[in-house]
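Spelled out from the first residue to the last, the chains are:
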Amino acid sequence: MNIKQVDEVKITKYILKATFDDWMSFSENDVVIVGAGPSGLAAAYYLAKAGLKTTVFERRLSFGGGIGGGAMLFHKIIIESPADEILKEIGVKLQKFEDGVFAVDSAQFMAKLASAAIDAGAKIIHGVTVDDVIFRENPLRVTGVAVEWTATQMAGLHVDPLFISAKAVIDATGHDAEVISVASRKIPELGIVIPGEKSAYSEMAEQLTVEQSGEVAPGLYAAGMAVTEVKALPRMGPIFGAMILSGKKVADDIIEKLNL
Ligand code: 48F
């Protein structure tokens, strides 16, 4: 076997060229999603499938958010209907326990969901933290995000971020609702109040989380556990149907709003 010879400088140049082509392209987006957990990845899948230019910024170097840890590190997660239809569509195996209730393998769930979003056309960028939003007045709305390398933040270096525009920004950052929190603190005119999530009440939480997923201020949307934080809903623990359905609900709202 003859392995193609590529010298170090060519490797460097090709990486820089390919990377900067991408960054030039996704500096302007239809939708930016913050967080590659279950709700963010599900939203990315449906938005990209509808033809919207969608970029996901994920702080860590991995996909899946809370999927990987399962429940107390056990590698199975519970899914209830109708989310099972979505998982079937993307090729996740379901182990049925009762009508409408299934266990799934967390590794397969993460991998298939991320792969479905990427194959649909979403761009996922790892190692980047969103630490602020861009806004405009008249009319008041969120118009994008500020991005910084996670590693730079971890090192505590004083480095300015770059700015990325989007017609819609989705906070899919999980329990802390980080993007909505910063917007509520730094742009009080948006009138966002964050009461925080309640203790567990799974049945109630699953239904309400999906119903209340959507726009929280012009241009800014909540998906997944960020919804429970912003709407004072109970937590649900290791049952993930609502996370997927929440991402889909927000994607559907944005698709309708952008008149597709
Ligand atoms: O926490 P996470 O999985 O959010 P989710 O989609 O799903 C919640 C469930 O996993 C679970 C649950 C369901 O029953 O309770 O917790 O609401 O994924 C959030 C992702 O966002 C990333 C974080 O690393 C994780 O992968 N993230 C958080 N803040 C930022 C961020 C940020 N400021 N910038 C970029 N990524």
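Above this text sits the structure in question.
Source: prediction; values computed, not measured.

Draft legend 1. Spotlight on the site of the ligand. Surrounding the ligand, one finds 27 residues, the nearest of these being S39, E58, G66, M225 and G237. A distance of 3.5 Å separates an oxygen atom of the ligand from a polar backbone atom of P38. One of the side-chain N or O atoms of E58 is found 2.7 Å from an oxygen atom in the ligand. Contact with the protein chains covers 92% of the free accessible surface of the ligand, which is 730 Å². Among the secondary structure elements, those contributing two or more residues to the shell around the ligand are α2 (38–49), β2 (54–58) and β7 (128–136). Considering every element that reaches the shell around the ligand, the biggest residue donor is β7, with three residues. Per-class residue counts for the shell around the ligand are twelve nonpolar, eleven polar and four charged.

Draft legend 2. Layout of the environment of G70. By secondary structure assignment, the location of G70 is in the loop between β2 and β3 (76–80). As a C-alpha pair, G70 and T152 span 82 residues in sequence and 29 Å in three-dimensional space.

Draft legend 3. Region of the structure containing the environment of T209. Mapping T209 onto the fold places it in helix α7 (residues 202–211). On the basis of relative accessible area, T209 is assigned to the buried category, the value being 0%. Expressed as a C-alpha distance, the spacing of T209 and M225, which sit 16 residues apart in the sequence, is 7.7 Å. Ignoring anything within four residues of it in the chain, the contact list for T209 reads G224, V227, T228, L233, M236, A242 and M243. A polar contact of 2.6 Å, which involves the side chain of T209, links it to the backbone oxygen of A205.

Definitions and cut-offs
Residues numbered from 1 in each chain as written. Predicted model: local features only at pLDDT ≥ 70, side-chain atom pairs only at ≥ 80, totals over all residues. Heavy atoms only, no water. Near = heavy atom within 4 Å. Polar contact = N/O pair within 3.5 Å; in protein donor to acceptor, adjacent residues only side chain to side chain. Areas by Shrake-Rupley, 256 points an atom, 1.4 Å probe, with all protein chains shown as cover. Helix = DSSP H or I, 4+ residues; strand = E, 2+ residues; numbered from the N terminus. Nonpolar A, V, L, I, M, F, W, Y, C, P; charged D, E, K, R; others polar. Buried < 20%, exposed > 50% of the residue type's maximum accessible area, 1.4 Å probe, protein only. Contact = heavy atoms within 4.5 Å.

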